[in-house]
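Here's the letter readout for the chains.
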Amino acid sequence: MQRKYLALAAGGLLALSACSKNEAPVTTAPPVGPGAIAGTVAADRDGDGYVDGYYTADGIYHAVQGPPCPPPPPPPPPRAGERG
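In this numbering scheme, every chain counts its residues from 1 along its sequence in written order. The predicted origin of the model limits local features to residues at a pLDDT of at least 70 and limits the giving and counting of side-chain atom pairs to 80 or more, whereas totals for whole chains, interfaces and linings rest on all residues. Computation of side-chain values covers all heavy atoms of the structure but excludes hydrogens and water.

Caption draft 1: Spotlight on the overall build of the protein. Of regular secondary structure, the protein possesses one helix and three strands. Secondary structure elements of the protein, listed N to C terminal, follow the sequence α-β-β-β. Against the compact-globule benchmark of 12 Å for 84 residues, the protein has a radius of gyration of 31 Å, which places it well outside the compact range. Considering only C-alpha atoms, the protein reaches an extent of 100 × 45 × 25 Å along its principal axes. Here the protein, with 84 residues, has 2% of them falling under the buried criterion. If you take every contact in the protein between residues at least 6 apart in sequence, the share linking residues at least 24 apart comes to 0%. Here the accessible surface of atoms and residues is derived via Shrake-Rupley with a 1.4 Å probe, and residues count as covered only by protein chains that are part of the display. Surface exposure of the protein reaches about 8,200 Å², of which carbon and sulfur atoms provide 63%. Each helix corresponds to a stretch of at least 4 residues labelled H or I by DSSP, and each strand to a stretch of at least 2 residues labelled E; elements are numbered beginning at the N terminus. Computation of the radius of gyration draws on C-alpha atoms, with the globule rule given as 2.2 Å multiplied by the number of residues to the power 0.38. Accessibility here uses a 1.4 Å probe with only protein chains present; expressed as a share of the type maximum, an area under 20% marks a residue as buried, one over 50% as exposed, and anything in between as partly exposed. Any two residues whose heavy atoms approach within 4.5 Å at even a single point are treated as in contact.

Below you can see the structure in the form of structure tokens.
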């Protein structure tokens, strides 16, 4: 009779072990970078690799408003001479 109860308890523990949760602990969010706004998602709408605006938590898009970037520097002059 003792073995029957022991087997029943072991079976119950085995069945309940499937219900346990092994979730990773929740960590804090990493710090935001310079110029970023906490709680928003950056958006690159034209696909050029630069952030054009951001989405807030309510799903509204906000365009970045600022001065345009300066043009790239001119190409260097062609090399001419002995080794050119």
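Picking up where we left off.
Caption draft 2: Expanded view of the sheet that holds strand S1 (residues 41-43). We call two strands paired when DSSP finds no fewer than two bridges between them. The strand order S1-S2-S3 describes an open sheet built from three strands, whose pairing is antiparallel. Of all the strands in the sheet, just S1 and strand S3 (61-63) have a single pairing partner and so form its edges. Each strand of the sheet is rotated relative to its neighbour by a mean of 30°, with strand direction disregarded. Inspection of the sheet shows S1 paired to strand S2 (residues 53-55) by three bridges, in the antiparallel sense. Note that in S2 the partner of Val41 across the bridge is Tyr55. Axes, fitted as lines to C-alpha atoms, cover a helix only where it is in contact. Angles between the N-to-C directions of the axes lie from 0 to 180 degrees.

Caption draft 3: Here's a closer look at helix H1 (residues 2-17). Here H1 is 16 residues long and its end C-alpha atoms lie 23 Å apart, about the 22 Å a rise of 1.5 Å per residue gives. Counting buried positions along H1 yields zero of 16 residues, so the element is predominantly exposed. To estimate how far a helix should extend, the number of its residues minus one is multiplied by 1.5 Å.

Caption draft 4: Highlighting the packing of aromatic side chains. The pairing test for Phe, Tyr and Trp rings, Trp by its six-membered ring, is centres within 6.5 Å, and the orientation test on the planes gives stacked under 30 degrees, edge-to-face over 60, and tilted for anything in between. One pass over the full model with this rule turns up one aromatic pair. Between Tyr55 and Tyr61 the ring centres are 5.2 Å apart and the planes differ by 55°, which places this aromatic pair in the tilted class. Remark: a charge is flagged as sitting over a ring if the NZ atom of Lys or the CZ atom of Arg is within 6 Å of the ring centre and within 35 degrees of the ring normal. Here Arg45 stacks its cationic end above the ring of Tyr61, 3.6 Å away from the centre of that ring.

Caption draft 5: How the structure looks around the layout of surface pockets. We place a 1 Å grid over just the protein atoms. Points where a 1.4 Å probe fits but has no way out form a cavity, open points with protein on both sides within 12 Å along at least 5 of 7 lines form a pocket, and any residue with an atom within 4 Å of a point lines it. Grid points are joined across faces, edges and corners, and a volume is the space filled by probe spheres set on the points. In this structure, the second largest pocket spans a volume of roughly 170 Å³. Lining the second largest pocket we find Asp48, Tyr50, Val51, Asp52, Val64, Gly66, Pro67, Pro68 and Cys69. Taken together, the residues that form the lining of the second largest pocket break down as six nonpolar, one polar and two charged. The nonpolar class holds Ala, Val, Leu, Ile, Met, Phe, Trp, Tyr, Cys and Pro. Asp, Glu, Lys and Arg form the charged class, and all remaining residues, Gly among them, are polar.

Caption draft 6: Region of the structure containing the confidence of the model for the protein. Values of pLDDT, ranging from 0 to 100, describe the predictor's confidence in every residue of the model. Here the protein averages 80 in pLDDT, and 92% of its residues register 70 or above. Taken element by element, the protein is modelled with least confidence in H1, mean pLDDT 79, and with most confidence in S3, mean pLDDT 89.

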